[in-house]
Amino acid sequence: LVLSVTAPCSAFIPTSTAPLLRPLLASAVSLRHARPAAPSRTAALSLSMSGGSQLAQLASMTVLAVDTGDLSVIEELSKTGHITDATTNPLFVSQAGLSGDPRYVAFVDEAVKYAKGKTKDVDEGVALAIDRLAVNLGKEILQFVKGYVSTEVDPRLSFDREESVARAKRIIKMYEEEGIDRSRILIKLAATWEGITAAEELEKEGITCNLTLVFGMTQAVACAQRGVRLISPFTGRIHDWHKADQGKEVWEPSEDMGVVECTRMFQYFKKHGHSTICMPASWRPSRGPGFELDEIRALAGSDRMTIPPNLLSMLDESSEPLERMLEPIEGAKQCEEEEWGGGRMGEKEFRFRLNQDGCTTEKMSQGIRAFVSDTEKLEEAIRSKF
């Protein structure tokens with residue numbers, strides 16, 4: 001069983017480097033607004049793992065993975081024996097690259113040296129160094145986890161299928177040169193049409209993918225129909241959009257639109273025999289402050305989840321019975337939808353459905369912009385070394 005942790009952005013930033021990273025933290029806050037206050041690392045790592053806690057109950061029905069670039073946190077949590085996977089994203093890689101921490105500085109220096117040895121072109125070298133830095137971070141994480149690590153392709157390629165495929169293959173090649181089998185890597189791509197079709201091509205070559213920034217059924221169905229290994233629907237950000245759109249502050253968990261959409265994806269996959277894993281991420285209190293666990297509890301039984309340390313602590317502190325809300329066989333029975341697009345939705349239908357879905361259109365664009373901003377800050381720092 002897997003324990004998933006999404007570390008807060010500030011969890012691993014040395015005090016001395018806080019001024020440098022303030023712009024990155026601002027991007028993180030804008031992307032993950034309304035997140036509950038982050039606990040200290042000590043609090044995050046002092047979970048009892050008692051058999052009767054809601055955390056233990058959840059782990060018995062849902063696989064849980066680490067979404068952080070903080071190697072110290074990953075190392076400590078791996079000692080519990082519950083963590084098997086980890087993900088990185090442009091924010092984490094940027095934070096690592098700019099932190100000033102000697103451990104991460106060494107990753108940057110190696111990445112720049114590697115790139116300079118491969119090309120004399122500065123632009124090509126900078127792009128290669130950024131990918132190499134992500135690989136260096138992923139390689140280190142794999143020392144602590146037994147399963148997957150997710151490494152994201154440059155988000156500026158979210159609308160370029162061919163270059164996304166090329167960059168994904170380059171990332172995999174670098175991992176394999178380090179003796180790491182591709183079966184342990186998930187290539188992370190934004191769930192645009194180009195990202196989804198790039199993933200389809202990569203999956204056929206044995207390169208498994210994690211499609212991120214998923215906010216609606218159009219993306220989820222297209223991913224499943226093209227054999228994508230895993231999707232990451234952002235439960236809390238779906239809730240944010242509908243909360244603002246309807247001007248409604250308090251929702252019953254079962255009516256929370258983030259919960260509704262993730263449940264719908266799960267049920268659709270089970271009914272139609274899609275093997276794509278549904279891994280909800282990003283959490284909000286459906287009923288407002290004081291109910292931070294609403295969405296997690298409402299999706300108990302989902303294939304996977306990522307959960308930040310403060311919410312893990314809250315789950316660990318509760319010993320109330322946790323009801324399983326999602327179950328594969330029952331989920332398949334509850335789905336009343338037929339296969340979209342006759343089993344293979346085409347580009348025209350995808351784009352039309354996406355256009356009609358305000359939440360997905362707006363939230364995906366917002367997410368891509370934030371990740372691009374983080375990447376460009378890192379690029380500027382890397383370029384200075386050329």
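One can find the structure itself at the top, above this paragraph.
Predicted model, so just to flag it, every value in this text is computed and none were measured. (Residues numbered from 1 in each chain as written. Predicted model: local features only at pLDDT ≥ 70, side-chain atom pairs only at ≥ 80, totals over all residues. Heavy atoms only, no water.)

Undergrad: Would you take a moment to explain the packing of helix α7 (residues 122–141) against helix α17 (residues 358–383) for this structure?
TA: Packed helix pairs are specified by the crossing angle of their axes together with the interaxial distance, meaning the distance between the axes. For the pair α7 and α17, interaxial distance at closest approach is 10 Å and the crossing angle is 115°. The hand of the α7/α17 crossing is right-handed. Contacts between α7 and α17 involve Val122, Asp123, Val126, Ala129, Ile130 and Leu133 from the former and Leu378, Glu379, Ile382 and Arg383 from the latter. When its residues are assigned to classes, the contact of α7 with α17 shows seven nonpolar, no polar and three charged. (Axes fitted to C-alpha atoms, helices over the stretch in contact; angles between N-to-C directions. Helix = DSSP H or I, 4+ residues; strand = E, 2+ residues; numbered from the N terminus. Left-handed = near helix turned anticlockwise from the far one by under 90°. Contact = heavy atoms within 4.5 Å. Nonpolar A, V, L, I, M, F, W, Y, C, P; charged D, E, K, R; others polar.)

Undergrad: Can you walk me through the packing of α7 against helix α8 (residues 161–177) in this structure?
TA: The N-to-C vectors of α7 and α8 enclose an angle of 50°; their axes lie 10 Å apart at closest approach. Our classification of the angle between α7 and α8 gives oblique. Along this stretch, α7 crosses α8, giving a crossing that reads as right-handed. Listed contacts from α8 to Ala127, Leu128, Asp131, Arg132, Ala134, Val135, Gly138 and Lys139 of α7 are Arg167, Arg170, Ile171, Met174, Tyr175 and Glu177. Looking at side-chain class alone, the contact of α7 with α8 contains seven nonpolar, one polar and six charged residues. (Parallel < 35°, antiparallel > 145°, perpendicular 65-115°, else oblique.)

Undergrad: Would you mind going over the nonpolar core with me for this structure?
TA: Looking at soluble globular proteins, one finds that nonpolar side chains tend to be buried together. Membership of the largest hydrophobic core comes to 79 residues, with the highest contact counts inside it found for Ile187, Leu189 and Leu211. Looking at this core element by element, the count peaks at nine residues for α7. If we skip the residues at most four places from it in the chain, Leu211 touches Leu189, Ala190, Ala191, Gly195, Ile196, Ala199, Cys223, Val228, Leu230, Ile231 and Ser232. By size, the runner-up hydrophobic cluster in this structure holds 21 residues, among which are Trp283, Leu299, Leu311 and Leu322. (Core = buried A, V, L, I, M, F, W, Y, C linked by side-chain atoms within 4.5 Å. Buried < 20%, exposed > 50% of the residue type's maximum accessible area, 1.4 Å probe, protein only.)

Undergrad: Quick question: what am I supposed to make of unusual backbone geometry here?
TA: It is generally the case that most residues other than glycine have a negative phi and that most peptide bonds are trans. At Leu213, a residue that is not glycine, the phi angle is positive and equals roughly 55°. By the element assignment, Leu213 lies in strand β6 (residues 209–214). Its identity is not glycine, yet Ser282 carries a phi of approximately 70°, on the positive side. Considering the arrangement of structural elements, one finds Ser282 in the loop between β8 (277–278) and α13 (294–298). Residue classification places Ser282 among the buried residues on the basis of a relative accessible area of 14%.

Undergrad: Looking at this structure, how should I read the pattern of salt bridges?
TA: Proximity of charged atoms lets side chains of opposite charge pair with each other. Taken as a whole and judged by the stated rule, the model has 28 salt bridges. Salt-bridge contacts for Arg383 lead to Asp123; the nearest nitrogen and oxygen are separated by 2.9 Å. One end of the pair, Arg383, is in helix α17; the other, Asp123, is in helix α7, and 260 residues separate them in sequence. The residue Asp154 makes a salt bridge to Arg156 at a minimum N-O spacing of 2.8 Å. (Salt bridge = Lys/Arg side-chain N within 4 Å of Asp/Glu carboxyl O.)

Undergrad: Is there a simple way to think about the pairing of β6 in this case?
TA: It is a general feature of regular strands that their side chains alternate between the two faces of the sheet. The buried fraction of β6 is high, at six of six residues. Where the polypeptide runs from strand β5 (residues 185–190) across helix α9 (residues 193–204) and back to β6, its parallel neighbour, the crossover connection is right-handed. Sheet analysis places β6 next to strand β7 (residues 230–233), joined by three bridges and oriented parallel. By the bridge assignment, Val214 is partnered in β7 with Pro233. Each parallel crossover has a hand, and for β6 linked through helix α10 (residues 217–225) to β7 it is right-handed. (Right-handed = clockwise from strand over helix to strand, strands pointing away. Pairing = 2+ DSSP bridges.)

Undergrad: Just checking my understanding: could you explain the packing of aromatic side chains for this structure?
TA: Given two aromatic rings, one states the distance between the centres and the angle between the planes to describe the pair. Following the criterion strictly, the structure yields three aromatic pairs and no others. Ring centres of Tyr104 and Phe107 lie 6.0 Å apart, and the angle between their planes is 75°; on these two criteria the pair is classed as edge-to-face. Placement of both Tyr104 and Phe107 in helix α6 (residues 102–118) is noted, with a separation of three residues, approximately one turn of the helix. Note on Phe107: relative accessible area 10%, which makes it buried. Stacked on the ring of Tyr114, the Lys or Arg Arg132 has its end atom at 3.9 Å from the ring centre. Over the face of the ring belonging to Trp340 we find Arg353, whose NZ or CZ atom lies 3.8 Å from the ring centre. (Phe/Tyr/Trp six-rings, centres within 6.5 Å; stacked < 30°, edge-to-face > 60°. Lys NZ or Arg CZ within 6 Å of the ring centre and 35° of its normal.)

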